[in-house]
Amino acid sequence: MDVIPDNLPAYLGGFRTTLSLTVVSGLIALAVGVLLAGLRVSPLTPLRALATTYVEVLRNTPLTLVFFFMAFVAPQFGLLAPLGYWTAVICLSAYTAAFVCEAVRSGINSVGMGQSEAARAIGLTFGQTLGLVVLPQAVRSVIPPLINVLIALAKNTSVAAGFAVVELTASGRRLALSNPADTLWALAGVALFYLLITIPAGLLAGVVERKVAFAR
Amino acid sequence: MVDPSSAAAVPPAGSRATGEPLVVLDGVNKHFGALHVLQDIDLTVHRGEVVVVIGPSGSGKSTLCRTINRLETIDSGTITIDGKPLPAEGKALARLRADVGMVFQSFNLFAHKTVLENVMLGPVKAKGVKRGEAKQQALALLERVGVANQADKLPAQLSGGQQQRVAIARALAMSPKVMLFDEPTSALDPEMINEVLDVMVSLAQDGMTMIVVTHEMGFARRAAHRVVFMDAGRVVEEAEPETFFTAPRSDRAQDFLSKILTH
Amino acid sequence: MSSVLYDVPGPVARRRERIGSVIGAVVVLVLVGLAARYAADRGIFAADRWNVLYDPPKGQTAADVWQSMIVRGLGATLRAAVVAAPLALALGLLLALWRTARGRWVRLPAIMLIELFRGLPVLLMMLFGLLGFGWDAFTAVVFGLVVYNMAIIAEILRAGLASLPRGQAEAAYAVGLTRSQTLLTILLPQAVRTMLPSLIAQLVVLLKDSSLGFIVGYPELLKSIQNNAQYFGNETYIALFVVGAGIYLAVNLSLTRLAVWLERRTGRTSAPTPGPTAGTTDAVGSARVGGTFGTGTDR
Ligand SMILES: Nc1ncnc2c1ncn2[C@@H]1O[C@H](COP(=O)(O)OP(=O)(O)OP(=O)(O)O)[C@@H](O)[C@H]1O
Ligand SMILES: [Mg+2]
C-alpha cells in the first residue's frame, strides 16, 4: 500500500511524460488528421486515394506494429529516429491521425445534404456554404468522437513503455519489479493516474454529446 | 382542404397573368443512369404566374423543380431565367440562385442557427445587406408568415408548419424573382397544412411568380393560373385548374385524378 | 454527383478537377518514385535483404522461416485472440445484462467495472496479470484482452439494447413474457443482431491488441519477426516486417469487409453505425457506443 505515496515522484514523473505524449501527439494528430480528412473528401481522385490508403492501412495495423517499424525497421532505411520520446510522438501521431481523419470525415458526412442544398439555394458560394453552414454543424458532431479518440490516445501512450519511454506504465513496471511484495499496489497506482485522465475526459464527452443531441 | 371562406379574396383561377416569360425550359432532358427522368420538357412560366406541377410519384416533378436552380444538372436543352441562360457554376450561379427562392419538402432550416439568423443569413452573406437592415426585413417577413414570436428559437423547437413558414420567409428575404416549392406541405401534419398554404396563397395574390409541386388541389384551384401534369418524365397536359380537374383530356391525367380523388 | 460539400461541377470546375487530379497524381507518383529511388540507393531491394523469404542463409530453408512466422508467430497471436474473444463476449454479455438490472445499487458494480476497464490501457491489464498475479505471458495477454474487451462489448450491447424501439419490450410484456424472458428472447437477440458490425469491429481491435504481447514477452507474430531478424541479421527486418504487416492487414481488412457487408445486409440504419475498425485501444469504438456514463437502460 505504501508504495504509492513512497514513490509519488516516480509516478508523477511518469504521469507527466504520459500527459506530454498525449498532448503533443494529440495536437499533431489533430492537425494531420484534419488535413487527411480534407484530402479524403476532396474531388481530386489521387489525393483522395492517397489519404484513403493511409487511413485504411493505419487503422488496420496494430499500434505496436507502428512502434516496431520505427524502432527496428526504419533504421534499415537509414532513418535513425532516436529511440524514445520523439519516436513515440511520431508513432502515436501517425496512428491517431487516421482516427482523427475518420471522426472528422463522419462529422462532415453527418451534416445533411439538405443543409448544403438550402445554403446553395439562397445563393451562398462554395466557401460560404462550407464555412457558415457545413463546418459549424460538423464541428459539433465531431467533438464527442474526437474526445474519445484522444482518450484512446492517452491509453495508447502506454505502448511507448515497450519502446524505451519511461511514461506511466513503464514507471509502474519498474516500481512493481523493485517492490516484489507490493506489485499489485504499484500497478494500482498507475491505474489511478490513468483514470485521472480517462474518466473526466469520458464524462466531458458524454456531456458534450448530450448537448449536441439536444441542439439538433 | 383549404378553408373556403378565404377563397373569395383569391384572383379568379385561370386569369392567366400576362407578364413576359420569366422561366423558360426548352427541350430539357435528364437521365439518372439509365432512367430518363426528364424527357423533352418545354415549359414557360410568365412573370406573376403561379404554376402547379402535379403527377404520380417518380414522374420527375422534384427533379424538374431542382433543375431550375441547378441543384440538378441537365443533359441537354436550355433553361433561361429572366432572359439569361442558367449559369453552370461559380459566383454567377450563386447570384442566380439568390434570385430563385426554393422551399423544400423537409424545410432544411439551418439547424445551428436561430429562426432570425436563418432568415438573415442570405441577405447578409450573399447580398451584402447591412445586419441592422437585414434584421428589420427579417422580422417583417417573420411577421408576415406569422412566426415573429419565434424569432430567437432554434428550428428544432418549432412545429413543422412553423418551420416551413420560416423557410418561406428565408427564401423571400432574398427578394427572389421566382419561388420554387417542392411539396412544401407533404411532410406536415394535416392541421398544419393550411397555415402554410395560406401563406403561399397570399404570396400568389401579391403577384409572386411561383412553381409549386403539390397535390393540394385546393391550393391549385385557389391560387394557380395553370396546372402542369407530369407522368414518366414528360409534361402530359397543361390546363387551367378548373378545366384540368373537371375535364382532364389525357387518359393518364384522368387515371391519376381518379386515384387521388377517391381518397 | 453533388455531395454535402460540392455542388455538381460545371465545365470550369471539371477542368480544374482534371488538372488538379493530374498534378496530384504526378506529385504522388514523384514522391513514390523518390522513395523507391532512395530505397534502391540504400540497397533495400538487394537480394540479401529478401532471400530470407525464399532462400534463407545459414542452412535454413524457406519453409523453416515461414513456419516460424505463420505457424508459431501468427499461431500464437491467433491463439490468444481465439481464447480471449469468446471469453470477452460471454463476460461482456453478462456485464451488459447485469447493467440492465432494475435496482440502482444492483447495477452500480457493473457500471463501475465497465468504466474502470474501459479507462485503462490494455497493456497495463496485461502487466497486472504478468507481474501482479505472477501468471505466464499467455495468460496475462488473454487476461488483458478479456477484461478490456468485455467492458467495451458490454457497452456495445447496452447501446444496442437502447437503440431498440420501445414497442419491442412492450409487445413482449403484452403477450405475457416476464422481464427476463423479454430481455433474453426478444431484446438481446435483436441487440446482438443490430450491433453485429460493431462487435466484429471490436474483434479486430482485440486481434490488433494481441500484438501487445510483444511487450510482455509473449512470443507472438512480432516476436517471431524479431527473432528471425536477429538470427538472420538486421538487414532482413524489412522483408520480414512486410510479411508481418501484410498478415495483419489481410486478416483485419477481411474482418472489416465482413463487418461492412453484414451491416449492408442487415441494412439497419437506426443502429449506431460503426466505423469499419477501431483503434488499438478502441479509438472509435467508445465514440459510437454513446455517452460514457449512461444511466442504465430503464427497461
Ligand atoms: N439522385 C438520384 N439518383 C438516381 N435516381 C434518382 C435521383 N433522384 C431521383 N431519382 C429517380 O428519378 C425519378 C424521379 O424522381 P423525382 O424525385 O423527380 O420524382 P417526383 O415526381 O418528385 O416523385 P415524388 O412525388 O415521389 O416526390 C424517381 O424514379 C427517382 O427514383
Ligand atoms: Mg418529389
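Please read all numbers here as calculations on a predicted model, not as lab measurements.

An ideal rise of 1.5 Å per residue puts 21 Å on 15 residues; helix 3 (residues 45-59) of chain A measures up with 21 Å between its terminal C-alpha atoms. Of all the residues in helix 3 of chain A, the buried ones are Pro46(A), Ala51(A), Val55(A), Leu58(A) and Arg59(A). Contacts made by the buried residues of helix 3 of chain A are with helix 2 (8-40), helix 4 (63-73) and helix 5 (85-109) of chain A together with helix 1 (11-41) and helix 8 (179-209) of chain C.

So, on to the sheet that holds strand 2 (residues 35-46) of chain B. The strands making up a sheet associate through backbone hydrogen bonding, with each pair oriented either parallel or antiparallel. All names here are of chain B. Read from one edge of the open sheet, four strands run 2-1-4-5, paired in antiparallel fashion. Each edge of the sheet is formed by a strand with only one pairing partner; in this case those strands are strand 2 and strand 5 (84-85). As paired strands, strand 4 (residues 76-81) and strand 5 are joined by two bridges and run antiparallel to one another. Within strand 5, the residue paired with Thr 80 across the bridge is Pro 85.

This part takes up the interface of chain A and chain B. The interface of chain A with chain B comprises 19 residues on the first partner and 24 residues on the second. Per-residue buried area on chain A facing chain B is highest for Glu117(A), Ala121(A) and Ile122(A); these three make up 31% of the total on that side. Linking chain A with chain B are one salt bridge. Among the salt bridges present, the one from Glu117(A) reaches Arg66(B), with a minimum N-O distance of 2.6 Å. Every element with two or more residues in the side of chain A that touches chain B is listed here: helix 6 (113-121) and helix 7 (126-156) of chain A.

Let us now look at the packing of aromatic side chains. Applying the stated criterion across every chain yields a total of 24 aromatic pairs over all chains. Their ring planes at 80° and their centres at 6.5 Å tell us that Phe72(A) and Phe214(C) sit as a pair that is edge-to-face. You can see Phe72(A) sitting in helix 4 and its partner Phe214(C) sitting in the loop between helix 8 and helix 9 (221-232), one on each of two chains. Through a chain of ring-to-ring contacts, the aromatic side chains of Phe67(A), Phe68(A), Phe69(A), Phe72(A), Phe77(A), Phe163(A), Phe214(C), Tyr237(C) and Phe241(C) assemble into a single cluster. The residue whose ring lies beneath Arg170(B) is Phe110(B), and the NZ or CZ to ring-centre distance is 4.6 Å.

Residue and element names in this part refer to chain B. Within the structure, ligand 1 sits among Phe 32, Leu 35, Val 37, Pro 56, Ser 57, Gly 58, Ser 59, Gly 60, Lys 61, Ser 62, Thr 63 and Glu 183. Gly 58 places a main-chain nitrogen or oxygen 2.8 Å from an oxygen atom of ligand 1. Lys 61 is positioned with one of its side-chain polar atoms (N or O) 2.8 Å from an oxygen atom of ligand 1. Coverage of ligand 1 by the protein chains reaches 61% of its 630 Å² of free accessible surface. Listing elements by their share of the shell around ligand 1, those giving two or more residues are strand 2 and helix 1 (61-67). Looking at which element gives the most residues to the shell around ligand 1, the answer is helix 1, with three residues. Its residues placed into classes, the shell around ligand 1 shows four nonpolar, six polar and two charged.

Residues and elements named next belong to chain B. The strand order across the open sheet formed by six strands is 6-7-8-3-9-10, and the pairing between neighbours is mixed. Edge positions in the sheet fall to strand 6 (100-103) and strand 10 (234-239), since each has one partner strand and no second. Strand-to-strand, the axes of this sheet are offset by a mean angle of 20°, without reference to chain direction. When strand 9 (residues 226-231) meets strand 10, the two strands line up antiparallel, connected through five bridges. For Met 230, the partnering residue across the bridge sits in strand 10 and is Val 235.

Another aspect to go through is unusual backbone geometry. Unusually for a residue other than glycine, Asp40(B) sits at a positive phi of about 45°. Looking at where Asp40(B) falls in the secondary structure, it is placed in strand 2.

Residues and elements named next belong to chain A. Relative to each other, helix 6 and helix 7 sit at 160°, their axes nearing to 10 Å. Relative to helix 7, the element helix 6 lies roughly antiparallel. Classified by chirality, the crossing of helix 7 by helix 6 is right-handed. Two secondary-structure elements touch here, helix 6 through Gln 115, Ser 116, Ala 119 and Arg 120 and helix 7 through Thr 129, Val 133, Val 134 and Gln 137.

The next point concerns the packing of helix 2 of chain A against helix 3 of chain A. Residues and elements named next belong to chain A. Relative orientation of the contacting elements helix 2 and helix 3 amounts to 130°, with a least axis distance of 7 Å. As summarised for this structure, helix 2 and helix 3 are arranged oblique, according to the angle between their axes. With respect to the hand of their crossing, helix 2 and helix 3 are arranged in left-handed fashion. Listed contacts from helix 3 to Leu 36, Leu 39 and Arg 40 of helix 2 are Leu 47, Arg 48, Ala 51, Thr 52, Tyr 54, Val 55 and Glu 56. Looking at the contact of helix 2 with helix 3 residue by residue, the class counts come to six nonpolar, one polar and three charged.

We now examine a nonpolar patch on the surface. A cluster of nonpolar side chains, Ile19(C), Val22(C), Ile23(C), Val26(C), Val27(C), Val30(C), Leu31(C) and Leu34(C), forms an exposed patch at the surface whose accessible area comes to about 720 Å². When you line up the elements, Leu34(C) lands in helix 1.

With respect to the helices, strands and loops of the structure, Arg70(B) is situated in the loop between helix 1 and strand 4. Here Arg70(B) sits buried without a salt bridge, and the closest side chain of opposite charge, Asp7(C), lies 4.3 Å off (N-O distance). At a separation of 3.0 Å, a polar atom in the side chain of Arg70(B) contacts the main-chain carbonyl oxygen of Val8(C). With residues near it in sequence (within four places) discarded, Arg70(B) still touches Leu86(B), Pro87(B), Ala88(B), Leu93(B), Arg97(B), Asp7(C), Val8(C), Pro9(C) and Gly10(C).

Right, let's get into the interface of chain A and chain C. Contact residues are listed per partner, giving 66 residues for chain A and 66 residues for chain C. Across the chain A/chain C interface, buried area totals approximately 5,600 Å², and carbon plus sulfur atoms make up 70% of it. One can count zero salt bridges joining chain A with chain C. Counting every contact that joins chain A to chain C gives 15 residue pairs in polar contact (both at pLDDT 80 or more). Tallying contributions element by element places helix 9 (residues 183-215) of chain A first for the side of chain A that touches chain C, with 16 residues. Per-class residue counts for the side of chain A that touches chain C are 42 nonpolar, 17 polar and seven charged.

About the cut-offs
- Residues numbered from 1 in each chain as written.
- Chains lettered and ligands numbered in written order.
- Predicted model: local features only at pLDDT ≥ 70, side-chain atom pairs only at ≥ 80, totals over all residues.
- Heavy atoms only, no water.
- Helix = DSSP H or I, 4+ residues; strand = E, 2+ residues; numbered from the N terminus.
- Expected span 1.5 Å × (residues − 1).
- Buried < 20%, exposed > 50% of the residue type's maximum accessible area, 1.4 Å probe, protein only.
- Contact = heavy atoms within 4.5 Å.
- Pairing = 2+ DSSP bridges.
- Buried area = accessible area lost by both parts, 1.4 Å probe.
- Salt bridge = Lys/Arg side-chain N within 4 Å of Asp/Glu carboxyl O.
- Phe/Tyr/Trp six-rings, centres within 6.5 Å; stacked < 30°, edge-to-face > 60°.
- Lys NZ or Arg CZ within 6 Å of the ring centre and 35° of its normal.
- Near = heavy atom within 4 Å.
- Polar contact = N/O pair within 3.5 Å; in protein donor to acceptor, adjacent residues only side chain to side chain.
- Areas by Shrake-Rupley, 256 points an atom, 1.4 Å probe, with all protein chains shown as cover.
- Nonpolar A, V, L, I, M, F, W, Y, C, P; charged D, E, K, R; others polar.
- Axes fitted to C-alpha atoms, helices over the stretch in contact; angles between N-to-C directions.
- Parallel < 35°, antiparallel > 145°, perpendicular 65-115°, else oblique.
- Left-handed = near helix turned anticlockwise from the far one by under 90°.
- Patch = residues over 30% accessible without salt bridge, like charges linked within 9 Å, V, L, I, M, F, W, Y side chains within 5 Å.
- Lys, Arg positive; Asp, Glu negative; His and termini not counted.

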